[in-house]
Amino acid sequence: MAVLGRQDHPTDAVEEYCLYLGSALVEHGIKFDLVRVSWLERGWRPALRALRQQAGDIKGARFFLQYTALSWSKHGFSLPFLRVVRSLKKRGAWCAVVFHDVEGYYGNRIVDRARRALQVYTMRRALRLADLGIVTVPPEKIPWLPANSKNIVFIPVGANLPLPERAWHQDKAHLTPKVAVFSLSANRTGLEEVRLIAEAVRYASSKMKRLGLIVLGRNSEIAEKQLREALAGAPVDITVHGLIPADKVVDVLGSCDAMLFVRGPVSSRRGSAIAAIACGLPLVAREGWETAEPTTSAGVHLLPEGNTDGYGPALLRVLTDHDYRALLAQRSRHAQEQHFSWRAIAAKYISALPDAEP
């Protein structure tokens, strides 16, 4: 059973992750149900009571608790998550924690530092309480993990898309090269991302006859006005799709020649970046502390950490060098098959399960 906290809106990437994983596990004869701890709507005591009842009613169930700080606290003070782990362990349940967040939130204010310290404490303690910890970036990249931890498994996330391999065979016979941007952040972070996108696309388009910019996913409609203003006068055709169904996302990404990822460093936990790899696209992204295999073996043109001026030249090379673009696309398809497909992810989950009944 997958145990989820507060539901995210307008889309819930963790819930989608569990649904796609569940579909893949069914092929191995494993039932993967979802249960949500409705602490926000019902309060903690009734929500935990309901969870314990479900745990007691399901013989032999194994529980995979999905951790993000905001799933278990309105403001990211995630300590209440430990109540969920302890509640199940007291019932004798076998528990794994899937750490979708693997670091504390950034910020320099006193409240930010306090929140970050509490998040790190929560993750450390949850790992000690659990039978297994599943991390979405390689363990050696996570500074808070205890040295020589034995109950840790690395499993990258997959793309929350149905049959993304369909995009591999999609016709790209268009005269104007197209670059995709999939999802943007909100608030000030989103404004910085818009600036980086506009600078990169303006640079690349200045060396080409024309360029298509396709923007979709979270906050894309909010950013449309700023993008159009920032790219005014450039030979760029801008199309903004907003939030669209997942099968349509595959169609849109499949029509593009490359993806530009500016939402921080790329890694194996960045679902929107993995979507490009899954759809067989070359990806222009920046390296960071969590960037490692298998992401680096995919079709990613990596910029050095901190280099935010190189997106434009990198994008230009990918769009204009046919052989290089084809090589990156081939590497993305191979990485999807070997590491990021839900089939491959489900196999890793099965390997991590203990043989004995809990």
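Here, residues in each chain are numbered from 1, in the same order as that chain's written sequence. Per-residue local features of the predicted model are confined to residues with pLDDT of at least 70, and side-chain atom pairs are confined, for both listing and counting, to 80 or more; whole-chain, interface and lining totals are unaffected and use all residues. Side-chain measures here rest on the full set of heavy atoms in the structure, leaving out hydrogens and waters.

Caption draft 1: Fine view of the layout of surface pockets. One number sums up the size of the second largest pocket: a volume of about 290 Å³. Buried and open spaces are told apart on a 1 Å grid over the protein atoms alone, a cavity being a set of points where a 1.4 Å probe fits but cannot get out and a pocket being an open set with protein on both sides within 12 Å along at least five of seven lines. Residues with an atom within 4 Å of a point are the lining residues. If you go around the second largest pocket, you meet 13 residues; those closest to its centre are Met1, Ile30, Lys31, Phe32 and Arg62. Grid points are joined across faces, edges and corners, and a volume is the space filled by probe spheres set on the points.

Caption draft 2: Quick look at the nonpolar core. Throughout this description, the term nonpolar core refers to a set of buried Ala, Val, Leu, Ile, Met, Phe, Trp, Tyr and Cys residues connected via side-chain atoms within 4.5 Å. Whether a residue is buried, partly exposed or exposed follows from its accessible area with a 1.4 Å probe, protein chains only, as a fraction of its type maximum: under 20%, in between, or over 50%, in that order. Core analysis: the largest hydrophobic core is formed by 50 residues, its most contacted members being Leu21, Leu253, Leu283 and Tyr349. Residues contacting Leu283, with those up to four places away along its chain left out, are Met259, Phe261, Val266, Ala273, Ala276, Gly299, Val300 and His301. Core analysis: the next-biggest nonpolar cluster, separate from the first, contains 36 residues, Ala55, Leu65, Tyr67 and Met123 among them. The contact definition used throughout considers only heavy atoms, calling two residues in contact when any of these lie within 4.5 Å.

Caption draft 3: Structural context of the pattern of salt bridges. Between Lys or Arg on one side and Asp or Glu on the other, a salt bridge is scored when a side-chain nitrogen of the former is within 4 Å of a carboxyl oxygen of the latter. Applying the stated criterion to the full structure yields 14 salt bridges. Among the salt bridges present, the one from Asp8 reaches Arg218, with a minimum N-O distance of 2.9 Å. Of the two residues, Asp8 is situated in the loop between strand E1 (2-4) and helix H1 (13-26) and Arg218 in the loop between strand E8 (211-216) and helix H7 (220-230); the sequence distance between them amounts to 210 residues. According to the relative accessible area criterion, Asp8 is partly exposed, its value standing at 39%. Measuring nitrogen to oxygen at the nearest pair gives 2.5 Å for the salt bridge that ties Arg195 to Glu192. Within this pair, Arg195 and its partner Glu192 are both found in helix H6 (residues 187-206), separated by three residues, close to a single helical turn. Several salt bridges share partner residues, and in doing so they unite Asp12, Glu15 and Arg36 into one network. Only DSSP runs of H or I covering at least 4 residues are called helices, and only runs of E covering at least 2 are called strands; the numbering of each starts at the N terminus.

Caption draft 4: Quick peek at the environment of Arg188. By the element assignment, Arg188 lies in helix H6. Residues Arg188 and Leu281, spaced 93 residues apart in sequence, show a C-alpha to C-alpha distance of 28 Å.

Caption draft 5: Seen up close, the sheet that holds strand E5 (residues 132-135). Overall, parallel pairing links the six strands, which are arranged E2-E1-E3-E4-E5-E6 in an open sheet. Looking at which strands have only one partner, the edges of the open sheet turn out to be strand E2 (34-36) and strand E6 (152-154). Each strand axis lies, on average, 25° off the axis of its neighbour in the sheet, ignoring direction. For two strands to be treated as a pair, DSSP must find at least two bridges joining them. Taken together, the two bridges between E1 and strand E3 (residues 62-67) define a ladder with parallel strand orientation. What sits directly across from Ala2, in E3, is Phe64. Here the axes come from fitting lines to C-alpha atoms, over the contacting stretch only for helices, and the angles between their N-to-C directions go from 0 to 180 degrees. Where helix H4 (residues 81-90) meets the sheet, its contacts fall on E1, E3 and strand E4 (94-99), and the angle it forms with E3 comes to roughly 175°.

Caption draft 6: Highlighting the packing of aromatic side chains. Any pair of Phe, Tyr and Trp rings, taking the six-membered ring for Trp, is counted once the centres come within 6.5 Å. Such a pair is stacked with planes under 30 degrees apart, edge-to-face with planes over 60 apart, and tilted for the rest. Scanning the entire structure with this criterion turns up eleven aromatic pairs. A ring pair is formed by Phe64 and Tyr349, whose centres lie 5.6 Å apart and whose planes are at 55°; its orientation type is tilted. You can see Phe64 sitting in strand E3 and its partner Tyr349 sitting in helix H12 (residues 342-352), a full 285 residues away along the chain. Across the pair, Tyr349 and Phe64 agree in class, each one buried. Seen in terms of ring centroids, Phe99 and Trp144 are 5.5 Å apart; in terms of plane orientation they differ by 65°. Their pairing is edge-to-face. Taken together, the positions of Phe99 in strand E4 and Trp144 in the loop between E5 and E6 put the pair 45 residues apart, joining distant regions of the chain. We note that Phe99, like Trp144, is buried. By way of ring pairs, the aromatic residues Trp39, Trp44, Tyr67, Trp72, Phe81, Phe99 and Trp144 are connected into one cluster. Our definition puts a charge over a ring when NZ of Lys or CZ of Arg is within 6 Å of the ring centre and also within 35 degrees of the ring normal. The positively charged end of Arg317 is found above the aromatic ring belonging to Tyr324, 3.6 Å away from the centroid.

Caption draft 7: Spatial organisation of the packing of helix H10 (residues 311-320) against helix H11 (residues 322-340). Running from N to C, H10 and H11 point in directions that differ by 95°, and their axes come no closer than 5 Å. Relative to H11, the element H10 is oriented roughly perpendicular. Counting all contacts with H10, which are made through Arg317, Val318, Leu319 and Thr320, the residues of H11 involved are His322, Tyr324, Arg325 and Leu328. In the contact of H10 with H11, the residues fall into four nonpolar, two polar and two charged. Any angle from 65 to 115 degrees is called roughly perpendicular, while one under 35 is roughly parallel, one over 145 is roughly antiparallel, and all others are oblique. In this count, Pro and Cys sit with the nonpolar residues alongside Ala, Val, Leu, Ile, Met, Phe, Trp and Tyr, while Asp, Glu, Lys and Arg are called charged and the others, Gly among them, polar.

Caption draft 8: Representation of unusual backbone geometry in the model. Residue Pro10 follows His9 across a cis peptide bond; omega there is 5°. Of note, Pro10 is situated in the loop between E1 and H1. With phi around 50°, Leu163 is a residue other than glycine that occupies positive phi space. One non-glycine residue, Asn219, lies in positive phi territory at about 65°. Topologically, Asn219 is positioned in the loop between E8 and H7. Accessibility expressed as a relative area gives 24% for Asn219, which makes it partly exposed.

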